[in-house]
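Survey of secondary and tertiary structure
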Amino acid sequence: YIVKESRVSYEFVIKLLERLVKNQHVKILVADDSKSSRSFCKKALHLHLYQMLEAETGLQALNILHEQPDIKMLIVDYNMPEMDGYELVKTIRHKDNNKSLCIIGVSGMESGSLSARFIKMGANDFLKKPFYQEELHCRVMHNIEEMELIAKIQDTANRDYLTGLFNRRYFVAKAEEYLQTALQENRHLSFALLDIDFFKGINDRYGHDVGDQVLKKMGLLLAEKFRRFLVARLGGEEFCILMPGMDIEHSAQLLSGFKNYISDQSIDIENETLSFTISIGVTEKLKPTLLEMMTEADRLLYRAKEAGRNLVIT
Ligand code: GH3
Ligand code: MG
Ligand code: MG
Ligand code: MG
């Protein structure tokens, strides 16, 4: 109907519909003491299927944000009782250190410096009342799309392209945080290094593409079996798992099961099936830095290789 009546392309309509489907999952909080302002926003946002929540004061908005951390955007009026919009933005950005919430300031006040103050305090955008519904929608959509793009870029930067697991850079940063917490709270933490045995031989015999297939399979199984933990591909055919809260008995048992599970797998290639094994070094000795824990696990992995491979060494 739209294509016929408005003479737009199917691609345009499909993009529009995809956006609407996504919008249904986007929660937007409108904090404004004026009921008519809130209903004006509501009309514009509901037209595009966004989920809208309302707050009449800054404090109320803050409570709702704490209760519902999945709220993506805040549209905030300047003049409000209890806590004004400016104070609210300040609290969100500086006290709560919430950088992921998208904030659009609005105000009907004449002061030209208000938009600058809002943005300096950490708002992403500003709208001067009165505005058209379509103007609000454009700002909302633009900011949501920008936020989604940043999240996508961030996620891509954190992952290994071949397996989709986290990469070394992300793993090291995240694992260091977990290690420091474990040290402070004197909690268990196991760290395992896993390496495919004779992987060079697989590449040499079957080709690099099959080697890649093996790496993908390994990534898939690791992600599936160690979903609760931090799993990464460190590089080449070397993977690792950080297991907060796990002592060495439990982690070694889990890893031993996984090692056997891997050796039971077979990958179909043309007229044959390929199987492979892995060696694992695992430690729970808390060292002051992650690098030292990695070195320790590497030493154990080396021993597993020396002792004949397809082994877990603690
Ligand atoms: P070991 O049992 O002692 O671990 O021997 P290995 O052959 O598994 O280990 P080695 O370090 O000698 O060889 C690892 C090989 O992994 C060499 C390298 O070409 C290959 N490799 C590294 N990254 C990739 C990749 O992304 N894809 C493929 N197909 N091969 C890779
Ligand atoms: Mg107001
Ligand atoms: Mg290897
Ligand atoms: Mg290796």
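Everything numeric in this text was worked out from a predicted model, so none of it was measured.

Reading the values: rules and limits
Residues numbered from 1 in each chain as written. Chains lettered and ligands numbered in written order. Predicted model: local features only at pLDDT ≥ 70, side-chain atom pairs only at ≥ 80, totals over all residues. Buried ≥ 20, exposed ≤ 12 C-beta atoms within 10 Å, placed from the backbone. Helix = DSSP H or I, 4+ residues; strand = E, 2+ residues; numbered from the N terminus. Pairing = 2+ DSSP bridges. Core = buried A, V, L, I, M, F, W, Y, C linked by C-beta atoms within 7 Å. Contact = placed C-beta atoms within 7 Å. Near = placed C-beta within 6 Å. Nonpolar A, V, L, I, M, F, W, Y, C, P; charged D, E, K, R; others polar. Axes fitted to C-alpha atoms, helices over the stretch in contact; angles between N-to-C directions. pLDDT = per-residue confidence, 0-100.

The buried count for strand E8 (residues 238-244) comes to five of seven residues, which makes it a mostly enclosed element. Bridge count for strand E7 (residues 230-235) against E8 is five bridges, and the pairing is antiparallel. Note on E8: the bridge partner recorded for alanine 232 is cysteine 240.

Here we take up the nonpolar core. Grouped together as the largest cluster of nonpolar side chains are 41 residues, with contacts concentrated most on Ala192, Cys240, Leu255, Ile280, Val282 and Ala297. If sequence neighbours within four positions are ignored, alanine 297 has contacts with Phe191, Ala192, Leu193, Gly281, Val282 and Thr283. In this structure, Ala61, Tyr78, Phe118 and Leu136 belong to the second largest nonpolar core, which totals 30 residues.

This next bit is on the site of ligand 1. Taken together, 17 residues lie around ligand 1, and Asp197, Phe199, Lys200, Gly211 and Gly236 are the ones closest in. Where the shell around ligand 1 is concerned, the elements lending two or more residues are strand E6 (189-196), helix H9 (199-206) and helix H10 (208-225). The residue makeup of the shell around ligand 1, split by class, is five nonpolar, five polar and seven charged.

Take the sheet that holds strand E1 (residues 27-31) next. The strand order across the open sheet built from five strands is E2-E1-E3-E4-E5, with neighbouring strands paired in parallel fashion. Two strands lie at the open edges of the sheet, namely strand E2 (51-55) and strand E5 (125-128), each paired on one side alone. Pairs of neighbouring strands in the sheet enclose a mean axial angle of 20°, with direction left out of account. Of the pairings in the sheet, the one linking E1 to strand E3 (residues 71-77) comprises five bridges and is parallel in character. Each residue of the ladder has a partner; that of alanine 31, found in E3, is valine 76. Running over the sheet, helix H3 (residues 35-47) touches E1, E2 and E3 and is turned about 170° from E2.

Glycine aside, residues mostly have negative phi angles, and peptide bonds mostly take the trans form. Between lysine 129 and proline 130 the backbone carries a cis peptide bond, its omega angle lying at -5°. You will see that asparagine 97, though not glycine, has its phi angle at about 55°, which is positive. Along the chain, asparagine 97 turns up in the loop between helix H5 (85-95) and strand E4 (102-107). By C-beta crowding, asparagine 97 is classed as exposed, having 7 other C-beta atoms within 10 Å. Phi at glutamate 270 takes a positive value of approximately 40°, unusual for a residue other than glycine. Tracing the backbone shows glutamate 270 in the loop between strand E9 (267-269) and strand E10 (272-274).

This next bit is on the confidence of the model for the protein chain. Averaged over all residues, the pLDDT of the protein chain equals 95, while 100% of them reach at least 70. Two numbers describe this predicted complex: its pTM, 0.84, and its ipTM, 0.96.

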